[in-house]
Amino acid sequence: MAKRIAVGDFTGLIPEPPDVVEQRLSEQVGLSVSSSDIPFEEKLWDEPPPFMRIESQGSTNECAAHAGTSCAELVWFQATGELLQFSRNFLYAKAGVYDGSRVDNGRTLGSIIKAGKNDGFCKEELFPFRGVAEFNPPAAAIADAKQRTITKTIDVHTGGYDAVRALLGGNMGSVLQATFWPIVYNQGYMVERYQPMGRGGHARAWLFLNSRKDSKGRPWVWCANSHGTAAQHNGWELWSPTAVQEALDNDPWGITGISAMSGELVPQDIDWSGVLNPFRMKTNPFDR
């Protein structure tokens, strides 16, 4: 699965050696629950949910940190019921320790995952994003982040699209996604087939199921991007089940499911009607 990528001048999402990717994926937990095992009706979102905030990475190479915090915000809510916005700068800075970098030249998916497991996620206001990458989080941010970590990385390759659907539909996790970049969009934001048009890399987050279904009755997937609310569909992409499977089948990056749950991964029934909207109460001057 982990094909070699020539590193070249990659920024944003940096490739890892295939053996490193394979080792990381071998440490993931399997998902024993399929979408057919979920004991309640999946939540299908006509539009992306209003409580998840879309941000812009601006001119930085922080796509992997933006994707990582979006994934973590969702899994933290799934595990605790608490909606928080996490610091992209903090995750980017801590991931740089594992990549051996203190400059804005991008990060590997593996370093984002290591930082999420070992260093955690601090609140955005403790180390806010000001449009540039920063690398010296204050002590308060470091202490705060230790309270919230990734507990599991999850194999989504064995089950393919159905594993992604089970994670999202069962409220058990999210998916830290990566592809070559750019890709082909239909209607400006729909990814009907995974068709890369370049050799660069880009990280995003598969987060929710959409009410649109394919001919087999499988829901499409909402994907949060980090190019601001003026891009794609208010900053979101919509992936078909076929495109999700094609991305997993052609994945040298090591796409990974994540969770903040303790114990066994089991479906969590969430009363979405009670979810408030804290992120939209704020404004982000770096949205394009």
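A quick note: this is a predicted structure, and the numbers were derived from the prediction, not measured.

## Overview of the overall build of the chain
Part 1 of the argument: Along the chain, the regular secondary structure elements total 7 helices and 8 strands.
Part 2 of the argument: Sorting the 288 residues of the chain into buried and exposed places 60% on the buried side.
Part 3 of the argument: Counting every atom, the chain has about 11,600 Å² of accessible surface; 49% of that belongs to carbon and sulfur.
Part 4 of the argument: Here the chain contributes 27 positively and 33 negatively charged side chains, and the mean placements of these two sets differ by 3 Å.

## A closer look at the pattern of salt bridges
Part 1 of the argument: Under the counting rule described, the total for this entry stands at 9 salt bridges.
Part 2 of the argument: With its nearest N and O atoms 2.7 Å apart, the salt bridge here joins Glu124 to Arg88. Highlighted residues: Glu124 in the loop between helix H4 (109-118) and helix H5 (139-145) and Arg88 in helix H3 (residues 88-99), separated in sequence by 36 residues.
Part 3 of the argument: You can call Glu124 buried: its relative accessible area is 8%.

## Focus: helix H6 (residues 161-169)
Part 1 of the argument: Among the 9 residues in H6, 8 count as buried, and that is most of the element.
Part 2 of the argument: By the burial criterion, the buried members of H6 are Tyr161, Ala163, Val164, Arg165, Ala166, Leu167, Leu168 and Gly169.
Part 3 of the argument: Just downstream of H6, Asn171 is the residue with a positive phi angle, here 55°.

## Quick notes on the pairing of strand E6 (residues 219-224)
Part 1 of the argument: Along E6, 6 of the 6 residues are buried, which leaves the element largely enclosed by surrounding structure.
Part 2 of the argument: Pairing between strand E5 (residues 196-213) and E6: 5 bridges, direction antiparallel. Across the sheet, residue Lys213 finds its bridge partner in E6, namely Pro219.
Part 3 of the argument: Connecting E5 to the antiparallel partner E6 that follows it, the hairpin turn spans 5 residues, and Gly217 within it adopts a positive phi of roughly 80°.
Part 4 of the argument: With 4 bridges connecting them, E6 and strand E7 (residues 236-239) associate as antiparallel partners. Counterpart to Trp222 in the pairing with E7 is Leu238.

## Structural notes on the pairing of strand E8 (residues 256-259)
Part 1 of the argument: Of the two faces of E8, both are covered, the one formed by Thr256 and Ile258 as well as the one formed by Gly257 and Ser259.
Part 2 of the argument: Two strands pair when backbone bridges link them, and strand E2 (residues 152-154) and E8 are joined in this way by 3 bridges, in the antiparallel orientation. Each bridged residue has a counterpart across the sheet, and for Thr153 the counterpart in E8 is Ile258.
Part 3 of the argument: Bridge count between strand E3 (residues 174-183) and E8: 3 bridges; the pairing is antiparallel. Residue Leu176 lies in a different strand from E8, and its bridge partner there is Thr256.

## Regarding the side chain of Asn225
Part 1 of the argument: As for its position among the elements, Asn225 is in the loop between E6 and E7.
Part 2 of the argument: Of note is the side chain of Asn225, whose polar atom sits 2.7 Å from the side chain of His202.
Part 3 of the argument: In terms of polar contacts, Asn225 uses its side chain to reach the side chain of Glu237, at 3.4 Å.

## Regarding the confidence of the model for the chain
Part 1 of the argument: This prediction gives the chain a mean pLDDT of 91; 92% of its residues lie at or above 70.
Part 2 of the argument: Here residues 278-288 scores under 50 on pLDDT; set against residues more than four positions off or in separate chains, the count is 32 contacts.

The rules behind these values
- Residues numbered from 1 in each chain as written.
- Predicted model: local features only at pLDDT ≥ 70, side-chain atom pairs only at ≥ 80, totals over all residues.
- Heavy atoms only, no water.
- Helix = DSSP H or I, 4+ residues; strand = E, 2+ residues; numbered from the N terminus.
- Buried < 20%, exposed > 50% of the residue type's maximum accessible area, 1.4 Å probe, protein only.
- Areas by Shrake-Rupley, 256 points an atom, 1.4 Å probe, with all protein chains shown as cover.
- Lys, Arg positive; Asp, Glu negative; His and termini not counted.
- Charge placed at Lys NZ, Arg CZ, Asp CG, Glu CD.
- Salt bridge = Lys/Arg side-chain N within 4 Å of Asp/Glu carboxyl O.
- Pairing = 2+ DSSP bridges.
- Polar contact = N/O pair within 3.5 Å; in protein donor to acceptor, adjacent residues only side chain to side chain.
- pLDDT = per-residue confidence, 0-100.
- Contact = heavy atoms within 4.5 Å.

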